[in-house]
Amino acid sequence: MSNLHFQEAGQGTPLILLHAFPLSSELWRPQFETLSNDFRVIAPDLPGFGNSPDFVEDASVDHMANSVMALLQQLHIEEPIILGGLSMGGYTALAFARLFPESLRALILCDTRAEADTEEGKAGRDKMIALAQSQGATPIVEQMLPKLLGETSQKERVNVMESVRTLALQQTPTGIVNALRALRDRPDSLDLLPQINVPVLVVVGEEDTITPVSMSQTLVDEIPNARLEIIPKAGHLSNIEQPEVFNRIVCDFCRSL
Ligand code: MLT
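Residues numbered from 1 in each chain as written. Predicted model: local features only at pLDDT ≥ 70, side-chain atom pairs only at ≥ 80, totals over all residues. Heavy atoms only, no water.

Draft legend 1. Highlighting the overall build of the protein. When helices and strands are tallied, the protein shows eleven helices and seven strands. The C-alpha atoms of the protein give a radius of gyration of 17 Å, which matches the 18 Å a tight globule of 257 residues would have. Here the protein holds 257 residues, and the buried ones make up 57% of them. Long-range pairs, those at least 24 residues apart, make up 78% of the contacts in the protein between residues at least 6 apart in sequence. Accessible surface for the protein amounts to roughly 10,600 Å². Of this, 48% is attributable to carbon and sulfur atoms. (Helix = DSSP H or I, 4+ residues; strand = E, 2+ residues; numbered from the N terminus. Rg over C-alpha atoms; globule rule 2.2 N^0.38 Å. Buried < 20%, exposed > 50% of the residue type's maximum accessible area, 1.4 Å probe, protein only. Contact = heavy atoms within 4.5 Å. Areas by Shrake-Rupley, 256 points an atom, 1.4 Å probe, with all protein chains shown as cover.)

Given below as structure tokens:
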């Protein structure tokens, strides 16, 4: 039995959407209305975020992937799913692809990467963990916000910035700390990429500085059946910075399967 909270809309092929750090299933709000016209859209809150309980064991992306599988079992979803993930959601989608390849119909990897953290990246996570433990979620959110959105959104879409801030500030320090551990310790997935045998859509905002276009290019170069879509005037949270373009790209891909 999964203990993940989730949002669901629509009918048809299951399209599971996994959110970024430090957010929740609410990240997918602009996708629900459009994509649920054609698909059964299910967006869980990953462990420790939104309304889902904290990790029950050591935090890891494998544990996140296992909890997504438990949710599918709870919902009696036996057919292969389309699994989409943005950034941390993408790391989790890759972990799911390694653990449960036979459960996949297709993958959508948004603003994410296969590479593990560098030593410098891991040290940065440790500093953020210490900061969240001593001062709570607010400094983490304020530190991340300018990186989450592209420069166009920062100048022109103040309301998007504010809604991301509000959503991030709803997350708990414990959830943030556990997820930072999972992000820090996630394995490198480069070796997995050539083994992925389902169609893959890779989406990235052209202004993404956390997982830049070059990292998406690596995904497309290494996965046998993958195609890349670069979204102009969007940063790391491309699905909420350019929702119409994002929805069209994802819809076209899913309909083509
Ligand atoms: C995310 O958007 O999920 C995070 O920025 C991912 C990361 O920090 O590696």
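Right, picking up where we left off after that structure.
Draft legend 2. Seen up close, the environment of asparagine 37. As for its position among the elements, asparagine 37 is in the loop between helix 1 (29–35) and strand 3 (40–44). The sequence separation of asparagine 37 and glycine 12 amounts to 25 residues, and the corresponding C-alpha distance is 9.2 Å.

Draft legend 3. Spotlight on the site of the ligand. Close to the ligand lie Ala20, Phe21, Ser87, Met88, Tyr91, Arg113, Arg125, Met144, Ile210 and His236. A distance of 2.9 Å separates an oxygen atom of the ligand from a polar side-chain atom of serine 87. Here tyrosine 91 contributes a side-chain N or O atom positioned 2.6 Å from an oxygen atom of the ligand. When isolated, the ligand has an accessible area of 270 Å², and the protein chains bury 97% of it. For the shell around the ligand, the residue count by class is six nonpolar, two polar and two charged. (Near = heavy atom within 4 Å. Polar contact = N/O pair within 3.5 Å; in protein donor to acceptor, adjacent residues only side chain to side chain. Nonpolar A, V, L, I, M, F, W, Y, C, P; charged D, E, K, R; others polar.)

Draft legend 4. Quick look at the environment of cysteine 254. Examined against the element boundaries, cysteine 254 turns out to sit in helix 11 (residues 243–255). Put simply, cysteine 254 and proline 199 are 55 residues apart on the chain and 9.8 Å apart in space, counted from C-alpha to C-alpha. When neighbours within four sequence positions are excluded, cysteine 254 is seen to be in contact with Leu15, Phe39, Ile82 and Ile108.

Draft legend 5. Examining the environment of glycine 121 more closely. Among the secondary structure elements, glycine 121 is positioned in helix 4 (residues 119–135). Considering only alpha carbons, one finds glycine 121 and leucine 183, 62 residues apart in sequence, at a separation of 9.8 Å.

Draft legend 6. Inspection of the side chain of threonine 152 at higher detail. Position of threonine 152 relative to the elements: it lies in helix 6 (residues 151–156). The exposure class of threonine 152 is buried, given its relative accessible area of 10%. Those residues in contact with threonine 152 that lie beyond four places of it in its chain are Arg157, Glu207 and Lys233.

Draft legend 7. How the structure looks around the nonpolar core. Phe96, Ile108 and Leu237 are the most contacted members of the largest nonpolar core, which totals 90 residues. Excluding residues within four positions of it along the chain, isoleucine 108 makes contact with Leu15, Ile82, Leu83, Gly84, Gly85, Leu201, Val203, Val250, Phe253 and Cys254. (Core = buried A, V, L, I, M, F, W, Y, C linked by side-chain atoms within 4.5 Å.)

Draft legend 8. Looking closely at helix 7 (residues 158–169). For helix 7, which comprises twelve residues, the first-to-last C-alpha distance of 16 Å matches the rise-based estimate of 16 Å (1.5 Å per residue) to within 8%. Taken residue by residue, helix 7 has Val160, Met161, Val164, Leu167 and Ala168 as its buried positions. The arc that holds every buried residue of helix 7, seen down its axis, measures 130 degrees, which confines them to one face. Within helix 7, the exposed residues directed more than 90 degrees away from the buried face are Val158 and Asn159. (Expected span 1.5 Å × (residues − 1). Arc of directions from axis to C-beta.)

That's the geometry; what it means functionally is another story.
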